[in-house]
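So you can see what is in the structure, the chains are spelled out below.
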Amino acid sequence: MIVPTSTIEIEKIAESRINGIDFSNLPFGKVFADHIFEMDYKDGQWTSPKIRPYGPINLSPAASALHYGQSIFEGMKAYRRPDGEVVMFRPEANFNRMNQSADRMCMPHVNKELFFEGLRQLLTIDSSWIPFGEESSLYIRPVMFATDDFIGVRPSDTYKFLVFTCPVSGYYTKPVRVRIETVYSRACEGGVGRAKAAGNYAAALFPARQAQKVGYDQLVWTDARDHKFIEESGTMNIMFVINNVLYTPALSGSILPGITRDSVLRLARDWGMEVEETNVAVDFVINSLKNGELQEAFGVGTAATIAHIDTIGYSGTDYKIPPIETREFSNKVSAYLQDLRMGRKPDQYNWMYHVK
């Protein structure tokens, strides 16, 4: 089904704010484009889709998302190629994952046709906000949350869905220092770690701040039961190259199924690299560091794509990873994905979505 353009009400901003933006100095996630896509779920269907000027929303103090945490989101990016064309990387995978998160959180599926038509129109209206530049993009944040004004623990009957955007430059400006967490947990088996739920990130804030106070950028999360196996790094999936084999934690109920993760693993296998999706023991990684067998460590995710890890801290000792320039695989895959986004590589996997 194709949603007619007339289905979506459009109210444009009286005067764009873009002239006041310094695109050469963009902090990540603090500068927002002119418009927002919005629709509401009630009586079993999505209603009143509209694009309006970016601004506050009306919300009841009793809105159940505020009290019981029914809130999910996604993260995507739009890129402007040197010829001016606008593309996105695998947005259908983000859409599917959002509905998987919705299932886990007892929330309704987002309508696919409305999602993509609203997104297309939003990017068209705010196309001037999509920056040129190899390290720049327009970050896209879809979010859905419960809106019933009811104090009682049950799934909401009503929801609001929003998509807003912000121009950004690189997420990390340098390789990151991480510490393996052995006390706190991001998620546990049987929990909601597999969903992109707001509460997962709230739970991570305190231990991450404790690590930052002693000089680390982020944490490496371990399993909640025994803290013996590595799960994620900060807000990203994590990978290691050890003796020329690519290791990454196997997906479980406590690990988010990353789209960048899936893409990197696909490329590695197609390039003939041995890949192990398995339980990655902390001891295995530390011993590989001590023995000089660990060649690369990096996080993978939408915001940073590839985030090189410089140092891993564990039990009071910091272990340095080999220099960035020596890292064959992560540099190769980072360059490949960038070339794909910019149109310098053929799209053999049909990963690029062309915004017409």
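Above this text sits the structure in question.
Caption draft 1: The overall build of the chain, seen in detail. Helix and strand counts for the chain come out as seven helices and 19 strands. Relative to its length of 356 residues, the chain is compact, with a C-alpha radius of gyration of 21 Å against a globular reference of 21 Å. The C-alpha extent of the chain, read off along each of the three principal axes, is 65 × 55 × 40 Å. When contacts within the chain are restricted to residue pairs at least 6 apart in sequence, long-range pairs at least 24 apart make up 71% of them. Summing over all exposed atoms, the chain offers an accessible surface of approximately 16,300 Å²; the carbon and sulfur share of this is 49%. In the chain, 38 side chains carry a positive charge and 42 a negative one; their mean positions are 2 Å apart.

Caption draft 2: The pairing of strand β5 (residues 76-80), seen in detail. Burial analysis of β5 places five of its five residues in the buried class, the great majority of the element. Residues M76, A78 and R80 of β5 are buried on one face, and the alternating residues K77 and Y79, pointing to the opposite face, are buried as well. Across three bridges, β5 lies against strand β7 (residues 137-146) in antiparallel orientation. Bridge pairing in β7 links M76 to I140. Bridge count for β5 against strand β6 (residues 86-89) is three bridges, and the pairing is antiparallel. When the bridges of β6 are listed, Y79 appears paired with V87. Hairpin connection of β5 to β6: five residues between the antiparallel strands, including G84 at a positive phi of 95°.

Caption draft 3: Seen up close, helix α6 (residues 282-290). Listed as buried for α6 are V282, V285, I286, S288 and L289. Buried residues of α6, viewed axially, fall in a sector of 160°; they line one side. Along α6, exposed side chains directed more than 90 degrees from the buried face belong to D283 and K290. Note on α6: the residue one or two positions beyond its end, G292, has a positive phi of about 75°.

Caption draft 4: A look at the packing of helix α2 (residues 91-104) against helix α3 (residues 112-125). Where α2 contacts α3, the two axes come as close as 12 Å, and the packing angle between them is 135°. One element, α2, and the other, α3, form an angle in the oblique class. In this structure, α2 meets α3 at a crossing whose hand is right-handed. The residues of α3 that touch α2, namely those facing P91, E92 and F95, are K112, F115 and F116. Residues belonging to the contact of α2 with α3 are distributed by class as follows: four nonpolar, no polar and two charged.

Caption draft 5: Region of interest: the pattern of salt bridges. All chains considered together, the criterion is met by 20 salt bridges. One salt bridge in this structure joins D34 and R17, with 3.8 Å as the shortest N-O distance. Within this pair, whereas D34 is found in the loop between β1 (9-10) and β2 (35-42), its partner R17 is found in the loop between β1 and β2, the two being separated by 17 residues in sequence. Its relative accessible area of 3% is what places D34 among the buried residues. Linked through salt bridges whose partners overlap, the residues forming this network are E38, D40, R52 and K160.

Caption draft 6: Expanded view of unusual backbone geometry. A positive phi angle, near 60°, is found at C106, a position not held by glycine. Position of C106 relative to the elements: it lies in the loop between α2 and α3.

Caption draft 7: Broad picture of the pairing of strand β16 (residues 294-301). In terms of residue burial, β16 counts as a mostly covered element, since seven of its eight residues are buried. Both strand β12 (residues 237-242) and β16 contribute to a ladder of six bridges, which runs antiparallel. By the bridge assignment, V241 is partnered in β16 with E296. With four bridges connecting them, β16 and strand β17 (residues 305-314) associate as antiparallel partners. Each bridged residue has a counterpart across the sheet, and for V300 the counterpart in β17 is I306.

Parameters and conventions
Residues numbered from 1 in each chain as written. Predicted model: local features only at pLDDT ≥ 70, side-chain atom pairs only at ≥ 80, totals over all residues. Heavy atoms only, no water. Helix = DSSP H or I, 4+ residues; strand = E, 2+ residues; numbered from the N terminus. Rg over C-alpha atoms; globule rule 2.2 N^0.38 Å. Contact = heavy atoms within 4.5 Å. Areas by Shrake-Rupley, 256 points an atom, 1.4 Å probe, with all protein chains shown as cover. Lys, Arg positive; Asp, Glu negative; His and termini not counted. Charge placed at Lys NZ, Arg CZ, Asp CG, Glu CD. Buried < 20%, exposed > 50% of the residue type's maximum accessible area, 1.4 Å probe, protein only. Pairing = 2+ DSSP bridges. Arc of directions from axis to C-beta. Axes fitted to C-alpha atoms, helices over the stretch in contact; angles between N-to-C directions. Parallel < 35°, antiparallel > 145°, perpendicular 65-115°, else oblique. Left-handed = near helix turned anticlockwise from the far one by under 90°. Nonpolar A, V, L, I, M, F, W, Y, C, P; charged D, E, K, R; others polar. Salt bridge = Lys/Arg side-chain N within 4 Å of Asp/Glu carboxyl O.

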